[in-house]
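# A structural walkthrough
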Amino acid sequence: MLVLKMDAFRNRQLLLSMVGTFAIKGLALVVSFLTMPAYMRFFGDQVALGVWLTIVSAASWTLTFDLGIGNGLRNKLVEALVFKDAERCSRLISSAYFATALISLALLFGGIFLASAFDWNAILGVDEGVISEPILVRAIQILIIGLAAQLFLKTVSSILYSLQKPATNNAIALVTSILVLIWVLVAPVGSAENNILTVALAYSVLSNIPLLVCTCVVFLGPLRRERPRLSCVSLRVVREIIGFGAAFLWAQLMFMLLVGANEFIISNLFGPLYVVEYQIYYKIFGLVASICSLALTPLWSQITKAQYEKDFEWVARTYRMLHKGVLVAFAIEVVIAIFSQQIIDIWIGADQLFVEPFAAGVFIVYGTFYVWQSVESTLACGMGRLRVQNVVYTLTTPIRIAVMVILSNFCENWVIVVAVNATVLFLYCFVQWISTARTISFEKNRARTHA
């Protein structure tokens, strides 16, 4: 009876988190669909827009360079909260903020200095007649300042996940997107160089405002006694968080190279103009994957909590249910493909992009495998078992890049980048599925033995 009550409570808590996430994501999708046409109006030149989208995509990688502190704190803080150890919570939070501050300062000063050492026009594949090198360097330096602040402030996101409040994190992202959209709609349009400078400045400022406000609310409210203090900083705890989070960091980096580098690779192999085309396809077919990834966000901490409570029966039932959801995602992707041309015509205007059957087919497969990957990685991260993810992505990353370069010499279609990524995702999902199923079965049997 007690087990049934615990399961009912956990399922209700998870359901409420998912409903909140879906509601916020619904608004976020509206904002996302409005942002692309707004960007196209603001930049005018699609080459300049392609450069900006590539820079923003690359900038998001930077937020993973926290040495795994965010994810390490997320899992460790759940443990402290489960056992109601207030002193441990204070040490974890203070030590995490201290370590992240040092990393942010290193990124700030090192990034600004190194930004001028690269030929960004060659890297991004844009002619100096469109955007000159000094302007590109200045825009990137502005973004680095904003990213350094964001890296420090986003520590609150890990705390919110540990508190089982993922909807709040999604709300932060939503507010940021709304602020950027409003700015793009009202900002005066200038030259390509002026546009990229002003949008870099606006993005850097606006992306930090919601995080700053949320940080103040959290530490003036529910965690006012656990707010960061130098007296609670422990180098031993810092090493513990980083040691636990290192595997998460490597998994993040490899995954970012897998899916986050698409814009950069397409820009280099086929030209920045095709980045815009890729983004249009991705926003439509990535819709299901985005919703599923966000809906699964609260599950990570719930899995961690269930592991500490030895409730692997619930984990197994949830795992089976999620696999059925992958099949539903595939069916939705097919429906999206059928109506994709009409969606694009309504969204950005008729005759802007003709949907190619080959591209649509590849994105159906890619979107489905992305959802499956979200399921497998959520379970693996929640249980702190990342070996499969790290091994598969580490081994396949250099191979897939080499394959993309080789194929680009024979095929001038940027869709091959997505096709190669889909293959890697399938390989990971298949191996991870076998590993996770065995782990859950083993832990269930062990829990019964010790019951």
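Everything numeric in this text was worked out from a predicted model, so none of it was measured. (Residues numbered from 1 in each chain as written. Predicted model: local features only at pLDDT ≥ 70, side-chain atom pairs only at ≥ 80, totals over all residues. Heavy atoms only, no water.)

Before going further, it helps to examine the overall build of the protein chain. If you tally the helices and strands in the protein chain, you get 19 helices and zero strands. In terms of C-alpha radius of gyration, the protein chain reaches 22 Å, essentially the compact-globule figure of 22 Å for 451 residues. Overall size of the protein chain, expressed as C-alpha extent along the three principal axes, is 70 × 50 × 40 Å. Among the 451 residues that make up the protein chain, the fraction classed as buried is 53%. The contacts of the protein chain with a sequence gap of at least 6 include a subset with a gap of at least 24, amounting to 85%. (Helix = DSSP H or I, 4+ residues; strand = E, 2+ residues; numbered from the N terminus. Rg over C-alpha atoms; globule rule 2.2 N^0.38 Å. Buried < 20%, exposed > 50% of the residue type's maximum accessible area, 1.4 Å probe, protein only. Contact = heavy atoms within 4.5 Å.)

Turning our attention to the packing of aromatic side chains. On inspection of all chains with the given rule, the structure shows 23 aromatic pairs. Residues phenylalanine 369 and tryptophan 372 carry aromatic rings whose centres are separated by 6.4 Å and whose planes lie at 50° to one another, so their mutual orientation is tilted. With a gap of three residues between them, phenylalanine 369 and tryptophan 372 both fall in helix H17 (residues 357-382), about one helical turn apart. Across the pair, tryptophan 372 and phenylalanine 369 agree in class, each one buried. (Phe/Tyr/Trp six-rings, centres within 6.5 Å; stacked < 30°, edge-to-face > 60°.)

Further remarks concern the environment of threonine 100. Mapped onto the secondary structure, threonine 100 falls in helix H4 (residues 86-115). Owing to a relative accessible area of 3%, threonine 100 belongs among the buried residues under this scheme. In the structure, threonine 100 is positioned 30 residues away from glycine 70 in sequence and 8.7 Å away in space, judged by C-alpha atoms. If we ignore the near neighbours within four places in the chain, the residues touching threonine 100 are Ile69, Leu151, Phe152 and Thr155. One polar contact links the side chain of threonine 100 to the main-chain carbonyl oxygen of alanine 96, over a distance of 2.7 Å. (Polar contact = N/O pair within 3.5 Å; in protein donor to acceptor, adjacent residues only side chain to side chain.)

Pairs can form between side chains of opposite charge once their charged atoms are near each other. For the coordinates displayed, the defined rule picks out five salt bridges. Glutamate 443 is the salt-bridge partner of arginine 385, the closest N and O atoms lying 3.1 Å from each other. Taken together, the positions of arginine 385 in the loop between H17 and helix H18 (387-408) and glutamate 443 in helix H19 (residues 415-449) put the pair 58 residues apart, joining distant regions of the chain. Residue class for glutamate 443 comes out buried when judged on its relative accessible area of 6%. Among the ionic contacts, a cluster of salt bridges with common partners joins Lys76, Arg88, Arg236 and Glu240. (Salt bridge = Lys/Arg side-chain N within 4 Å of Asp/Glu carboxyl O.)

A few words on the confidence of the model for the protein chain. Taken residue by residue, the protein chain gives an average pLDDT of 84. The fraction at 70 or more is 93%. Counted against residues more than four places away or in other chains, residues 1-6, with its pLDDT under 50, gives one contact. (pLDDT = per-residue confidence, 0-100.)

For soluble globular proteins, nonpolar side chains are generally found buried alongside one another. In terms of nonpolar packing, the biggest core is built from 109 residues, with Phe43, Leu136, Ile196, Phe285, Tyr393 and Trp414 touching the most fellow members. Ranked by residue count, the leading element in this core is H17, at 12 residues. When near neighbours in sequence (up to four residues on either side) are disregarded, phenylalanine 43 contacts Ala48, Leu49, Trp52, Asn195, Ile196 and Val199. Core analysis: the second largest hydrophobic core is formed by 28 residues, Ala99, Leu147, Val218 and Leu223 among them. (Core = buried A, V, L, I, M, F, W, Y, C linked by side-chain atoms within 4.5 Å.)

Let's shift gears to the packing of H4 against helix H6 (residues 133-153). Two numbers describe how H4 lies on H6: the axes approach to 8 Å, and their chain directions differ by 175°. Judged on the interaxial angle alone, H6 and H4 are roughly antiparallel. Where H4 abuts H6, its residues Tyr97, Thr100, Ala101, Ile103, Ser104, Leu107, Leu108, Gly111, Ile112 and Ala115 lie against Val137, Ile140, Gln141, Ile144, Ile145, Leu147, Ala148, Leu151 and Phe152. Taken together, the residues of the contact of H4 with H6 sort by class into 15 nonpolar, four polar and no charged. (Axes fitted to C-alpha atoms, helices over the stretch in contact; angles between N-to-C directions. Parallel < 35°, antiparallel > 145°, perpendicular 65-115°, else oblique. Nonpolar A, V, L, I, M, F, W, Y, C, P; charged D, E, K, R; others polar.)

Right, let's talk about the side chain of serine 158 for a bit. By the element assignment, serine 158 lies in helix H7 (residues 155-162). Accessibility expressed as a relative area gives 9% for serine 158, which makes it buried. Of the polar contacts made by the side chain of serine 158, one reaches the backbone oxygen of glycine 70; its length is 2.9 Å. The residues touching serine 158, leaving out its near neighbours within four places in the chain, are Gly70, Asn71, Leu73 and Arg74.

A few words on helix H15 (residues 312-338). Taking 1.5 Å per residue, 27 residues should reach 39 Å; H15 reaches 40 Å between its end C-alpha atoms and fits that length. Residues Phe312, Trp314, Val315, Ala316, Thr318, Tyr319, Leu322, Val326, Ala329, Glu333, Ile336 and Ala337 constitute the buried set of H15. (Expected span 1.5 Å × (residues − 1).)

Moving on, we come to the state of the cysteines. Chemically, a disulfide is nothing more than a covalent bond linking the sulfur atoms of two cysteines. Here the structure, examined in full by the defined rule, presents zero disulfides. Between cysteine 381, a free cysteine, and cysteine 429, which holds the nearest cysteine sulfur, the sulfur-to-sulfur gap is 13 Å. In this structure cysteine 429 is not part of a disulfide, and its nearest cysteine sulfur, from cysteine 292, lies 13 Å away. Classification of cysteine 429 by relative accessible area gives buried; the value is 0%. (Disulfide = S-S within 2.5 Å.)

Relative to the elements of secondary structure, leucine 206 occurs in helix H9 (residues 192-206). For the pair leucine 206 and tryptophan 183, spaced 23 residues apart in sequence, the C-alpha to C-alpha distance is 9.2 Å. Once you skip the residues sitting within four places of it in the chain, leucine 206 turns out to touch Thr176, Leu179, Val180 and Trp183.

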